Amino acid sequence: MNTAPYFALTPDLILDSLESLNLPCSGHLLALNSYENRVYQIGIDDGAPLIAKFYRPERWSDDAILEEHAFTLDLASREIPVVAPLIIQGNTLHTHAGFRFTVFPRRGGRAPELDQAQTREWIGRFLGRIHAVGQLTEFKHRAHLNQQTFGQDSLDFLLNNGIIPLDIAANYQTIAEQALEGIASCYKKAGIYQPIRLHGDCHPSNILWTDAG
């Protein structure tokens, strides 16, 4: 896969990427908050703005990204309110100038008011439905989220590569190991468990709450 550093992701390149899919851009471009990738709201001539997500080079394989897309499309087909990628020219994952990207419809909303019992109940229902669909099959290409892959492995990497300042490294290691012991205890209490597909980044900022019935 041909990749390029993110400093080369210029406004012209972003707009050209959508134009390559025969999506005529108006020139309006708004960067949105995103940690792992780069996400933009892009104006479209004579149409509603679209959201383009450009994936960080070498972070995920194409198969892993497409697996996520397939899961989201499956949820949407079951009338679970998720923002699914648009299928354009028969694909959800596209490439332009070495960058992989996906286009989504724009969906408005706000962070949920978690102090409201009814809001928590609705969120719980939707998460339950997502998990019910998620357990029908497993991801084959995406990393498993567990105490080893996103816990011990991450801690070892930080400590072994001198990333943690020396003056706090010992305390950091102690606290991190205590947290991992607590997680291990939860796994032990749960016994044998079956990994399922789920929303691995579920926090209020990733929930678009509306008052629509």
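Residues numbered from 1 in each chain as written. Predicted model: local features only at pLDDT ≥ 70, side-chain atom pairs only at ≥ 80, totals over all residues. Heavy atoms only, no water.

Below, the discussion takes up the pattern of salt bridges. A full pass over the atoms with the stated rule returns 6 salt bridges. The residue Arg59 makes a salt bridge to Glu36 at a minimum N-O spacing of 3.1 Å. Here Arg59, found in the loop between β3 (47–54) and α2 (62–77), pairs with Glu36, found in the loop between β1 (25–32) and β2 (38–44); they are 23 residues apart in sequence, far enough to count as distant. On the basis of relative accessibility, which here comes to 27%, the residue Arg59 falls in the partly exposed class. For Glu36, a relative accessible area of 24% puts it in the partly exposed group. A salt bridge links Arg100 to Asp62; its shortest N-O distance comes to 2.8 Å. One end of the pair, Arg100, is in strand β5 (residues 99–105); the other, Asp62, is in helix α2, and 38 residues separate them in sequence. For Asp62, a relative accessible area of 35% gives the class partly exposed. In the salt-bridge network here, residues are joined through shared partners; they are Glu36, Arg56 and Arg59. (Salt bridge = Lys/Arg side-chain N within 4 Å of Asp/Glu carboxyl O. Helix = DSSP H or I, 4+ residues; strand = E, 2+ residues; numbered from the N terminus. Buried < 20%, exposed > 50% of the residue type's maximum accessible area, 1.4 Å probe, protein only.)

Over its 25 residues, helix α5 (residues 166–190) runs 36 Å from end to end, which matches the ideal 36 Å to within 8%, given 1.5 Å per residue. Burial in α5 covers these residues: Ala169, Ala176 and Leu180. Where the residues of α5 are buried, they touch α4 (148–160). Phi for Gly191, located one or two positions after α5, is positive at around 75 degrees. (Expected span 1.5 Å × (residues − 1). Contact = heavy atoms within 4.5 Å.)

The next subject is unusual backbone geometry. Not every positive phi belongs to a glycine, and Asp46 is a case in point at roughly 55 degrees. A positive phi angle, close to 70 degrees, is found at Glu58, a residue other than glycine. Take Glu58: it is sitting in the loop between β3 and α2. A residue is classified by how much of its surface remains accessible, and Glu58, at 65% relative accessible area, is exposed.

Moving on to the sheet that holds β1. What the 5 strands build is an open sheet, ordered β1-β2-β3-β5-β4; its pairing is antiparallel. Each end of this open sheet is capped by a strand with a single partner; those strands are β1 and β4 (94–96). The average undirected angle you get between the axes of adjacent strands in this sheet is 35 degrees. Looking at chain direction, β3 and β5 are connected through 5 bridges and run antiparallel. Looking across to β5, one finds that Ala52 is bridged to Val103. The strands touched by helix α1 (residues 11–19) within the sheet are β1, β2, β3, β4 and β5, with β1 carrying the most contacts at an inclination of about 120 degrees. (Pairing = 2+ DSSP bridges. Axes fitted to C-alpha atoms, helices over the stretch in contact; angles between N-to-C directions.)

So, on to the packing of α2 against helix α3 (residues 117–134). Relative orientation of the contacting elements α2 and α3 amounts to 120 degrees, with a least axis distance of 11 Å. For the element pair α2 / α3, the angle class is oblique. Between α2 and α3 lies a crossing of right-handed hand. Note on element contacts: α3 touches α2 through Ile130, Val133 and Gly134, opposite Phe71, Asp74 and Leu75. Tallied by class, the residues present in the contact of α2 with α3 amount to 4 nonpolar, 1 polar and 1 charged. (Parallel < 35°, antiparallel > 145°, perpendicular 65-115°, else oblique. Left-handed = near helix turned anticlockwise from the far one by under 90°. Nonpolar A, V, L, I, M, F, W, Y, C, P; charged D, E, K, R; others polar.)

Here we come to the nonpolar core. Residues Leu9, Leu18, Leu23, Ile42, Phe54 and Val103 are the most contacted members of the largest nonpolar core, which totals 18 residues. Looking at this core, the elements that each hand over two or more residues are α1, β2, β3 and β5. With 4 residues, the single largest contributor to this core is α1. Apart from the residues within four sequence positions on either side, Leu9 is in contact with Ile14, Arg38, Tyr40, Phe54 and Phe99. (Core = buried A, V, L, I, M, F, W, Y, C linked by side-chain atoms within 4.5 Å.)

So far we have only geometry, and geometry alone does not tell us how the molecule works.
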